[in-house]
Each structure stands twice: as structure tokens, then as C-alpha cells.
Amino acid sequence: MALCAKKRPPEEERRARANDREYNEKFQYASNCIKTSKYNILTFLPVNLFEQFQEVANTYFLFLLILQNLEEGTGTRTQGHCPSRETNMKVRQAIPVTSELRDISRLAKFDGERLWRSNLWVEEVGRVLGFQLHGSFLLGGPDTKLMQNSGRTKFKRTSIDRLMNTLVLWIFGFLVCMGVILAIGNAIWEHEVGTRFQAYLPWDEAVDSAFFSGFLSFWSYIIILNTVVPISLYVSVEVIRLGHSYFINWDKKMFCAKKRTPAEARTTTLSEELGQVEYVFSDKTGTLTQNVMAFSKCSVSGRSYGDVLDVLGHKAELGERPEPVDFSSNPLADKQFVFWDSSLLQAVQTGDPHAHEFFRLLSLCHTVMSEEKTEGELYYKAQSPDEGALVTAARNFGFVFRARTPQTITVHEMGTAVTYQLLAILDFNNVRKRMSVIVRNPEGRIRLYCKGADTILLDRLHPSPQELLSTTTDHLNEYAGEGLRTLVLAYKDLDEEYYGGWAQRRLQASLAQDSREDRLASVYEEVESDMVLLGATAIEDKLQQGVPETIALLTLANIKIWVLTGDKQETAVNIGYSCKMLTDDMAEVFIVTGHTVLEVREELSPRVPFPSPRKAREKMLDSPHAVGNGFTCPEKRSSAKLPSVLEAVAGEYALVINGHSLAHALEADMELEFLETACACRAVICCRVTPLQKAQVVELVKKHKKAVTLAIGDGANDVSMIKTAHIGVGISGQEGIQAVLASDYSFSQFKFLQRLLLVHGRWSYLRMCKFLCYFFYKNFAFTMVHFWFGFFCGFSAQTVYDQYFITLYNIVYTSLPVLAMGVFDQDVPEQRSMEYPKLYEPGQLNLLFNKREFFICIAQGIYTSVLVFFIPYGVLAEATRGDGSQLADYQSFAVTVATSLVIVVSVQIGLDTGYWTAINHFFIWGSLAVYFAILFAMHSNGLFDMFPNQFRFVGASLQRLPTDGAGRHQPGPSLRCPAQVRYSQLVRKKQKAQHRCLRRVGRTSSRRSGYAFSHQEGFGELIMSGKNMRLSSLALAGFGARSGSGWLEGLRRKKSDSAGSPSAGPPKPLRG
């Protein structure tokens, strides 16, 4: 359609009126419509089918559907796409012309016109930006930030799902092999034996040879034996996963009463993978910590504030501290703000210029929004808790941020309102790691205020007195050692001439058609240089409750925890010790701080020729520690993509690497060395990393390690990491809900992770593995009986069981017990799962369901099928009544086999069940009761008399027994040998009222499903009609026994005898 559309002429201008659609539609501008749906009417079917057939089983079922030519509907699973949206608080302000239209009713009545040429609106914008405005544009539709940032939803699959794809291919190959064997048997039987019965058991008209008959038999057996992988398997898997997700949602022990937030399973496809996690990648701020920031300490012009000293000059402990600083003299102070060092307030009150400039910077350099609902009651809305804490600190110390417009910032400085003209905001991003504002004070002086990370800002300072720089650096290291979050503050005075030229360069960079971001960064870099150091801040972010215990427990479960944070190295290391990731009994904590590729390689690898005291790999290899985790899995370990001697290290090491070193370590020629070293450590901390680096680290582990990864975070900068990992967990904290929206599971506190993995995850993996093992067992036991029966029915694709049993076996008789086990089963109570975290390791090593366990299950199923088929056959084949007549018939044999099978698989699931509930008892014994109730009902005379057309197979033998005059059944043989069958047929045909020639009735060409296979006539009528009957197993056995030779040789002799006398009369019945 797009190719046929007429090309639009180039647009010279656009006119648009607010709330006037009819006027705007006259110009036929490009639509502003956006679509976030995954499908439309045309693409729904092909796109959805493409996704569905990524599962091999769906291709398998489609093949059977086509083969059976049945009109069966299959369900589809659509996956909606929710575009990621920004939930953090951003600066959003209207221009002054429309800023007063706050009421919705007034906004709806707004009437305006936007033009390219000069008008009030354009003049206003031009004045704000500081230059003459010649034009403007809006990004609409697909070009909006929302649409540009919305990525494709990744469909995550578990390792069991991927294994199942392989197993389905193997099973299909096994199914084809069975079909080929039975088809060959059919061709041989038809060639050697079937021609004997052409008079009344002819081939179809299209069948002209035994080979073609075997070919058709192959497809019949493919249909009959397809129950080795029934579609009910996948339905049951989804039901079990849904139940596991509800257990997580209903877990009261994962409910946060303070925030009224329950745990939420946002997906139902990953529950069992929670029991296989080996690597946890965690953010620090808001994930391990509370993300509730408090202004704790600061350094102003070389002096540190925040510590409380006793009379001897030592730091006072928390319990010995006096009353906090009294801010009652400030009517606009935040009453919840607490600070312990009164000397800082005294410095501000006495007019210390450095202290004033320090808090002036904090009150101006930010993007906080202020709201004053009542006089004197200020409410700050900040992008991050850090900014809110800094602005609140300035507020309490006398520099109160009151309001902002796009051009001004109003601050009450020591009770006096001062309005600054806002000239530019150089916003924070993950690359710059700093923020600046340029303001003009009432006296007309222009100044740049900047705050940012110490690693960035200290390199951009003017060569100021080294003593101040050294003292401030010492204070920063001291604060970071206490686990505090630090920022450096600086300023720079600008003259009018320089600012005018710089503003023009910034304008040109912002209008650049290509590399706009790089050009703006270069312009920002220019002005943010030669700044004057003012001081530093330290903000406290306390650990969440239960974090150390959770990390210790997960470590005992052989789960390796990597912390990926944007904080500086000292802060990250201190938090690592606080949360017990790093311990004093570790052999060594390796610090990688190289700035070049060579330095980083040297610190990681011992193969570099020159010496280094910090070669992590060399020290690990020299370590005398031994490895041992209590479990081994040769299948998994031998197939690992990354064999290394370092895998034998006991793990009593830790690795700390910063962002610029990590950038080199993630390069293609070094990533394996970094991964080997990091994976040999018990804990890894990556500090000063960007969101992209977080995702790269997770992807590196996924790429080279056969291990399940989990990423947990709370902010927008953790979204890429959460989406990259096998399992993403979002913390609903202070940073909005972007992480939660992108996650697979969410809760409010990090400590709930131990219960999610060690209880719900381990149980889910255990239940799913036991379910799959039993399901394959019971279906192979059910299906292989047909295979054995093929050798006794002339390979005619005849089923052992009746159609009702085949239909109800997976739906009624065996479905509910295995569902109950898959949903409720436990090996140990939840308390034991938490007390003994080593119980989690079988899931990591994939011990409970793998290729070896699969072959054991199908071997057990095949063994069961042998016993279930051959024991009844051996008992009933030669059994006779007291008068010498045959005891059993085909139906009795089928019922015996079916009953034995149901009892055996029911007992087996009872033995496999480790945790009995009332539901398990009800389903297991109830299913047995339902089977016998249906069995007796379908084999009753009453049901046959009421519905003779629907029940032609079951109970048919009752209609074949001879009766006396009173209607009583007379004893007699219920199965006859082939000669007797032929003789009876000829006699009955002669007794028919209408004499006619012998009809040649062809065999039906329709092939029926294993789920709905049924005969078209009753057992006796089927023999007389000659449509599709072969020799039954018991008849053939009886005939072979009486002839004194094998059944094949006996029939050959009969064939030669009849060939010698073609006009011979009908053979006499054989008598026992």
C-alpha cells in the first residue's frame, strides 16, 4: 500500500490549532497516531504462528493434525506489548503563555494557533532560549521519545523448555522407527498371509501390493502411537506453572505490610527456572539499600562536618550523641531533617562565605520541583532521592528553594527572597556523571555551579591549592569507607562575552543534523573546566533489613552474587562488607583498577611477562584450597563451554573492578579471561558501571556459562540488565516502577529473594521434574502396548484398547493425580529448605530432569508395558473353561490390559508422591473409582440396550454368544480360528433371503486417531462384513498350537493345500 501511495509534495509550513480537529484535518498532515500493539489484522496469524512453532512440540502436533485430518481447534497464546514508560519525576513545565491553564476545563477551552512566523509564542520561546527563533518543530507519532525507546519484548524460555524441544525430536524419531518396524511387519504379513483371505478380506481398490499396504500401515501406526507425546502434556505444564505463580502471589511471608505490597509473579513461564539460579546480578542503591537518602556529612572548604566529638575530641557513638541540631529558628525548615553537628549551622549563621556558597549551590543546581500547598509547607518532588536530600539539607540550613520557572529560580537565602535567572541546564546522564546550571544573580554576575562524581569532577578543577584538594580527597575516602554516597561540588565564574560565545556554540551543536549528542558533550566539556573546588557531600543510604542474612544464605546455596553499581569503589566495597558479601576470612579481595588494556590484562592474567603483585588468576592457581560442593553432574560439567582450571578453586576470593577497567575487560580478546577469574570468585563487585555495562556483564555470563542468571534492581538504569538475564526481578521502591514493569517477578524488599529461590523456586523445579518424569512414564507404558500388540494382530493398526479408554486415559483416569503432584508435592517443609540451603544445588546441576533421567523414565514405561501386555496374554491365551471352550476373548483381554495399566500407574504415582494432601488422596483414588465406574457402566447390558449404535465394540461379545430358547447364553467358543470364521460366513450368506453373488467389500481407507479410534461395526458383525479385521492374537495363538507348528508355517501349508484343490468345498471346522 505504501508503494502505491502518491508522493507528498515537500512541506513549507504547517498550521495547527489547539482543540480544532476539523481545521487541522484540512491540511492532511502526517498522522500523529502511534501503535504499540504487537499484532494487527494482517500480521496476527503469521506472526503468532511463527512464535508458536518455535516450540517443536507444536510442529509435531500440527503434523499429526494434518495426518489425522480431524477438525480440532488449537488454542493460541498472544503476547501483548506494553511500551516502557518513564515513571521517574522529570522537569515538566509549560511556557508562561500557557502556564496558567492548570484547570482541565480551562485547558479544554484554550484557543490558539501555532505558526512559523513571529508571534507572541515564538517571541517568548526565542527570549527563553536567548536567540532569535526562525522555526520550530515537534516530534510526533513514531518519532516521539516513547516510541523510539520502546523495544521489542523478548520471550524468555526455561532450560526445561529448550530440553523438551530436543526430547520431542528424539521421541518423534523413536515414533518413526516403531512405525517403520510395524509397517515392514505389515508388508511381510500381507505378502505371506494376507493373500490367503482375499476372498472375504480384500485390499482396498487403491492397494495393489503388500508394499503399499505396509506404507499405509506406517501412517496408521504413526497416528495410533502418537500418544507418546500427547497435547495434554503441554496443557498440564501450563496449569502447573499457573499454580506455582499463584503460590508466589499468595505468599504472606513475601508481603510488605509497610508498603502494602505483595510479591507478584508477572509471568507464568519461568517458575521452575527459579530453582536453577547460579548467578544473581544485583543493583546496590534501592536494592540492597533502602534508597531513603539522608544528608549525613559534608566537607566545606577543607573542613569536615557531621561528626559529633566528645570532650576528649573523639567521635561520639550513636548512643552517646547529644540532641540533634535545632532548626526551629528557620520557619521553612523540614521538621524530619536530622543533623548532629551544630558547628555547620553556626558557620552558616555567622556568615561564612564558603558555607553560604556551598548551600547556594545545593539550592540552585538541581531539577527538583517545589510545591507549596499551604503557606510555609513545601513539598519537593525530585528525580532521585539524592537530589531531594541535598535540596532539603540546603533548605534547613537557610537556603530554601521556593519555586522555579523556565527562566528563573527563586531561593530564600537566610530569610531573603533572591531570584536567579536560569540561563542553561547541563543535565546529568550516565556518561557525564555530573550536572551543571548556569545562572545570573541579581547583580548580573554569571556563575556555573556543578556537582558530580569525584572521579569525573576532580579532573576538571582549576589547579587550586593542592592542600584543599588533598584534604577534600581524604574526606571523600573517609566517607566512602563508611558506606556513604559522595558528590563533589565546584563552581566557575563566567563573563558576559565568554558566555555569549559559548551559548552560540551550544545552539549550533543543538541544531546539528548528525552527532548532536557528541557535539553537545564537547561544548559542555568546554565550559565545565577549570572549576573551583567548593566541597563534598556524603549521603547515607542504609541497608535494607535482612540483606546480610539473605546474601549469606544464598552463598551457602552455591549462588554467586555479583553487585553492579554506579557508586564509587570505596562505597561499594564498604557495602559489600556490610552485607556480608565480602568477609574477613576470604583469602583475598582482588582490586582491578587498570586504565589501559595492558594494565587490566596484567591484573587478571598470569601470562603477562612482567611482575605484578595483584595477578588474580596466578594467586588463585597457587592457592592450596580444594573444591567440593557435595554434588557432581558429569553431563553438565563435561558440556560446559568454558573449561578452566580455575573452576576447581574453592571460591574464597572476591573481585572488585571499576567501570573503566570493566570496559577493557569486556573487549572480545579479554572477556574470557575476565569471566574465568570472576566466576572463580565467590563475590564480584563492579562499581562505576553504566546501565549498558550491566547488561553486557549479564550477557557475558549467559553466553559462555551454562548457568541460569537472575538480575534484580529497582530503577530505570536496571531495566536493560533485568531484560537480559534469564529471570528479571524488580524491586518496587523509590525509583518508580520501570524495573517492575520490565521484570518477571517483583516484590518490595531484597530479603524476599531467598524465599523466592530457596522455597518457591526449589519446589517448582522439583514438582516440574517429577511431573515430567511420571508423564513420560505413564504415556510410554500406555502407548507401547499397541506396539507389542501389532505383532499379534497381523500388523493391522488395530488398537488394544477401546476408543473410550483411549480418549479418557489422559483426560480423566491419569490427569488429575499427576496435576496434584505437580502443584502440591514437596520433599521437605519450607523451614528445612531455608535451614539447609545445600538442598538447592540439585537444581543448579540439573540432576532431577535431564537426558539421562528421561531415558530412565521411558525405559521404566517400556518395561511396564511389557508386563502389562504379556502377563495377561500369557494367562488368557491358552485358558479354557471347564467344558474345554475358550475362556477369554479380545474384549476380555483388552479390558484386562487396560485395568492393569490404570492400577499400575496409579500405584506408581502414589509411590512417587512425597507430600500427601487431601487433594492427592481424592484425585488418585477418585480416578481409580471413576475408571471402574465407567468400565462397569459401559460393559453393562442396560447401556448397550439403550445405545446400541454408540456402543458397538464394548459388550459386543455378549451379542455373539448363542442363546437357548429362554434367551439364556449358552457356553461356546467366543473366538474361532480363521477356517471357522470363513465357514460360518459362507453358511450365513447362504441362509439370506435374497440370494446374490458374493460381494467384495474393500477395507476402509480412513485412518483414525489414537484419541478417537473406533470400529464401524460390532465384533461379530465386523467379522461377517469383512471390512477391516485381522486375526486376533488369541485366535492365531490357538491355531498355531493346534497345527503343532509356527503360525506362519501353518498358514503356508494351508495355502499350498487350497492351491492344489481350488474347487474344494468349504473346510470343516477345527475342533479342539
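Note that the coordinates shown come from a computational prediction; the quantities given were computed from them, not determined experimentally.

**Topic: the sheet that holds strand β20 (residues 708–713)**
Here comes step 1: Taking strand neighbours across the sheet as the criterion, the nine strands line up as β3-β22-β21-β20-β4-β16-β19-β18-β17 in an open arrangement whose pairing is mixed. The open sheet has two edge strands with one neighbour each: β3 (264–265) and β17 (588–592).
Here comes step 2: With five bridges connecting them, strand β4 (residues 277–282) and β20 associate as parallel partners. Residue pairing for β20: Tyr 279 is matched across the bridge by Thr 709.
Here comes step 3: Sitting on the sheet, helix α23 (residues 671–679) touches β4, β16 (560–564), β18 (653–658) and β19 (683–687), and the angle it makes with β16 is about 120°.

**Some points on the pairing of strand β11 (residues 416–426)**
Here comes step 1: Relative to β11, strand β10 (residues 408–413) runs antiparallel, the two being bridged by six bridges. Note that in β11 the partner of Glu 413 across the bridge is Thr 416.
Here comes step 2: Two successive antiparallel strands, β10 and β11, enclose a turn made up of two residues, where Met 414 displays a positive phi of approximately 55°.

**Thoughts on the environment of Val 180**
Here comes step 1: Tracing the sequence through the fold places Val 180 in helix α7 (residues 159–192).
Here comes step 2: For the pair Val 180 and Ser 217, spaced 37 residues apart in the sequence, the C-alpha separation amounts to 9.1 Å.

**Concerning the packing of helix α9 (residues 232–249) against helix α27 (residues 752–790)**
Here comes step 1: Across the interface, α9 lies against α27 with an axial gap of 11 Å and an inter-helix angle of 165°. Viewed along their axes, α9 and α27 adopt a mutual orientation that is roughly antiparallel. Taken as a pair, α9 and α27 cross one another with a handedness that is right-handed. Contact residues: α9 offers Ser 232, Leu 233, Ser 236, Val 237, Ile 240, Arg 241, His 244, Phe 247 and Ile 248, while α27 offers Leu 756, His 760, Ser 764, Arg 767, Met 768, Phe 771, Leu 772, Phe 775 and Phe 776.
Here comes step 2: Each residue belonging to the contact of α9 with α27 can be placed in one class, and the counts come to eleven nonpolar, five polar and two charged.

**Some points on the pattern of salt bridges**
Any two side chains of opposite charge can pair, so long as their charged atoms come close to each other.
Here comes step 1: Throughout the structure, instances matching the rule amount to 38 salt bridges.
Here comes step 2: Put simply, Arg 505 and Glu 526 hold a salt bridge, and the shortest N to O gap is 2.5 Å. With Arg 505 in helix α15 (residues 496–510) and Glu 526 in helix α16 (residues 516–527), the pair connects residues that are 21 residues apart, well separated along the chain.
Here comes step 3: A residue is classified by how much of its surface remains accessible, and Arg 505, at 33% relative accessible area, is partly exposed.
Here comes step 4: The partner of Glu 671 in a salt bridge is Lys 703, with the nearest N and O atoms 3.9 Å apart. Here Lys 703 lies in helix α24 (residues 691–704) and Glu 671 lies in helix α23, a separation of 32 residues in the sequence.
Here comes step 5: Judged by its relative accessible area of 47%, Lys 703 falls in the partly exposed class.
Here comes step 6: When salt bridges with common partners are traced through the structure, they connect Glu 357, Arg 360, Glu 413, Arg 447 and Asp 493 into a single cluster.

**Re the environment of Ser 370**
Here comes step 1: For Ser 370, the position within the fold is in strand β7 (residues 369–374).
Here comes step 2: Classification of Ser 370 as partly exposed rests on a relative accessible area of 22%.
Here comes step 3: Here the alpha-carbon distance between Ser 370 and Tyr 380, two residues ten residues apart in the chain, equals 4.8 Å.
Here comes step 4: At 2.9 Å, the side chain of Ser 370 forms a polar contact with the backbone oxygen of Arg 402.

**Some remarks on the nonpolar core**
Here comes step 1: Among the nonpolar cores identified, the biggest contains 80 residues, and Leu 233, Phe 771, Leu 772, Tyr 801, Phe 805 and Leu 901 are the most heavily contacted of them.
Here comes step 2: No other element matches α27, which puts 18 residues into this core.
Here comes step 3: If sequence neighbours within four positions are ignored, Tyr 801 has contacts with Ala 781, Phe 782, Val 785, His 786, Ile 806, Ala 894, Val 897, Ala 898 and Leu 901.
Here comes step 4: Val 300, Leu 345, Leu 362 and Ala 393 belong to the second largest nonpolar core, which has 47 residues in total.

**Examining the UniProt feature "transmembrane region" (unreviewed entry) in the protein**
Here comes step 1: What UniProt calls "transmembrane region" (unreviewed entry) maps, in this numbering, to residues 167–189, 209–235, 771–792, 804–824, 854–873, 893–911 and 923–944.
Here comes step 2: Annotated as 70% helix and 0% strand, the span residues 209–235 places its first and last C-alpha atoms 42 Å apart.
Here comes step 3: Counted over residues 804–824, helix gives 95% and strand 0%. Its end C-alpha atoms are 29 Å apart.

**Focus on the packing of aromatic side chains**
The geometry of two aromatic rings is summed up by the distance between their centres and the angle between their planes.
Here comes step 1: Going through the model one piece at a time under the given rule, you end up with 52 aromatic pairs.
Here comes step 2: When the ring of Phe 174 is compared with that of Phe 780, the centres are 5.9 Å apart and the planes differ by 35°; the resulting orientation is tilted. Taken together, the positions of Phe 174 in helix α7 and Phe 780 in helix α27 put the pair 606 residues apart, joining distant regions of the chain.
Here comes step 3: On the basis of relative accessible area, Phe 174 is assigned to the partly exposed category, the value being 30%.
Here comes step 4: Relative accessible area serves as the criterion here: at 1%, Phe 780 is assigned to the buried category.
Here comes step 5: On the basis of an interplanar angle of 75° and a centroid distance of 6.0 Å, the ring pair of Phe 805 and Tyr 931 is categorised as edge-to-face. Residue Phe 805 is located in helix α28 (residues 803–813), and its partner Tyr 931 is located in helix α34 (residues 918–938); the two are separated by 126 residues in the primary sequence. An identical accessibility class is assigned to Phe 805 and Tyr 931; each is buried.

**Details of the side chain of Glu 357**
Here comes step 1: Examined against the element boundaries, Glu 357 turns out to sit in helix α11 (residues 353–364).
Here comes step 2: A distance of 2.5 Å separates the side chain of Glu 357 from the side chain of Tyr 449, its partner in a polar contact.

**Here's the deal with α23**
Here comes step 1: The buried fraction of α23 amounts to eight of the nine residues, a majority that puts the element mostly inside the structure.
Here comes step 2: Every buried residue of α23 is listed here: Glu 671, Glu 673, Phe 674, Leu 675, Glu 676, Thr 677, Ala 678 and Cys 679.

**What to know about the side chain of Glu 830**
Here comes step 1: Note that Glu 830 resides in helix α30 (residues 830–835).
Here comes step 2: Glu 830 gets classed as buried once you look at its relative accessible area, which sits at 19%.
Here comes step 3: Ignoring sequence-local partners within four residues, the contact set of Glu 830 consists of Lys 253, Arg 755, Val 759 and Trp 763.

**Description of the UniProt feature "active site" (unreviewed entry) in the protein**
Here comes step 1: Feature annotation in UniProt assigns "active site" (unreviewed entry) to the following positions: Asp 283.
Here comes step 2: There is a polar contact of 3.3 Å between the side chain of Asp 283 and the side chain of Lys 694.

**Here's the deal with the pairing of strand β9 (residues 399–404)**
Here comes step 1: Most of β9 is tucked away: five of the six residues are buried.
Here comes step 2: As paired strands, β9 and β10 are joined by five bridges and run antiparallel to one another. Each bridged residue has a counterpart across the sheet, and for Arg 404 the counterpart in β10 is Ile 409.
Here comes step 3: Where β9 hands over to β10, the hairpin turn is made up of three residues, counted between the paired strands.

**Re the sheet that holds strand β15 (residues 532–540)**
Here comes step 1: Taken together, the nine strands give an open sheet; going across it, the order is β6-β5-β15-β14-β13-β12-β11-β10-β9, and neighbouring strands pair in antiparallel fashion. Edge positions in the open sheet fall to β6 (303–305) and β9, since each of these has one partner strand only. Between one strand axis and the next, the sheet turns by 30° as a mean value, whatever way the strands run.
Here comes step 2: Taken together, the six bridges between strand β5 (residues 294–300) and β15 define a ladder with antiparallel strand orientation. In the strand pairing of β15, Ala 294 is matched with Glu 540.
Here comes step 3: On the sheet, helix α12 (residues 385–396) packs against β5, β9, β12 (434–440), β13 (446–452), β14 (485–494) and β15 and is oriented at approximately 120° with respect to β9.

**Focus on a nonpolar patch on the surface**
Here comes step 1: A cluster of nonpolar side chains, contributed by Tyr 863, Leu 867, Ile 871 and Val 875, occupies part of the molecular surface with about 400 Å² of accessible area.
Here comes step 2: Of note, Val 875 is situated in helix α32 (residues 851–876).
Here comes step 3: The exposure class of Val 875 is exposed, given its relative accessible area of 54%.

**Digging into the state of the cysteines**
Here comes step 1: Summed over all chains, the structure comprises zero disulfides.
Here comes step 2: You can see Cys 773 has no disulfide; the closest cysteine sulfur is in Cys 857, sitting 3.5 Å from it.

**Notes on the confidence of the model for the protein**
Here comes step 1: This prediction gives the protein a mean pLDDT of 76; 71% of its residues lie at or above 70.
Here comes step 2: Predicted confidence is poor over residues 954–990, with pLDDT under 50, and the contacts of this stretch with residues over four places away or in other chains come to 67 contacts.

Cut-offs applied
Residue numbers here run from 1 along each chain, matching the order of that chain's written sequence. In keeping with the model being predicted, local features are shown solely for residues with a pLDDT of at least 70 and side-chain atom pairs are shown and tallied solely at 80 or more, while totals for entire chains, interfaces and linings include all residues. Derived side-chain values reflect all non-hydrogen atoms in the structure, with water molecules and hydrogen atoms excluded from consideration. If DSSP finds at least two bridges between two strands, the strands pair. Here a helix means four or more residues in a row that DSSP labels H or I, a strand means two or more in a row labelled E, and each is numbered from the N terminus. Contacts are assigned to residue pairs that have any heavy atoms within 4.5 Å of one another. All axes here are fitted lines through C-alpha atoms, helices being fitted over the stretch that makes contact, and every angle between N-to-C directions spans 0 to 180 degrees. Roughly parallel covers angles under 35 degrees, roughly antiparallel covers those over 145, roughly perpendicular covers 65 to 115, and oblique covers all other angles. Here is the rule for handedness: rotate from the far helix to the near one, and if that takes an anticlockwise turn smaller than a right angle the crossing is left-handed, while a clockwise turn gives right-handed. Ten residues, namely Ala, Val, Leu, Ile, Met, Phe, Trp, Tyr, Cys and Pro, are considered nonpolar, four, namely Asp, Glu, Lys and Arg, are considered charged, and the remaining ones, Gly among them, are considered polar. What makes a salt bridge here is a side-chain nitrogen of Lys or Arg within 4 Å of a carboxyl oxygen of Asp or Glu, nothing more. Relative accessibility decides the category of a residue: with a 1.4 Å probe and only protein chains considered, values under 20% of the type maximum give buried, values over 50% give exposed, and everything between is partly exposed. Two N or O atoms count as a polar contact when they lie within 3.5 Å, although within protein this holds only if one can serve as hydrogen donor and the other as acceptor, and sequence-adjacent residues are included solely when both atoms are side-chain atoms. As used here, the term nonpolar core means buried Ala, Val, Leu, Ile, Met, Phe, Trp, Tyr and Cys residues forming a set that is joined through side-chain atoms within 4.5 Å. UniProt positions are given in the numbering used here, feature names are shortened, and annotations may be inferred rather than shown by experiment. For this analysis, a ring pair means two rings from Phe, Tyr or Trp (six-membered ring only for Trp) whose centres lie within 6.5 Å, classed as stacked if their planes differ by under 30 degrees, edge-to-face if by over 60, and tilted for the remaining angles. The patches described consist of residues with a relative accessible area above 30% and no salt bridge, like charges being joined within 9 Å and nonpolar side chains (Val, Leu, Ile, Met, Phe, Trp, Tyr) within 5 Å. The accessible surface values rely on the Shrake-Rupley method and a 1.4 Å probe; as for residues, cover is taken only from the protein chains in view. Count a disulfide wherever a pair of cysteine sulfur atoms falls within 2.5 Å. The quantity known as pLDDT measures the predictor's confidence residue by residue, on a range of 0 to 100.

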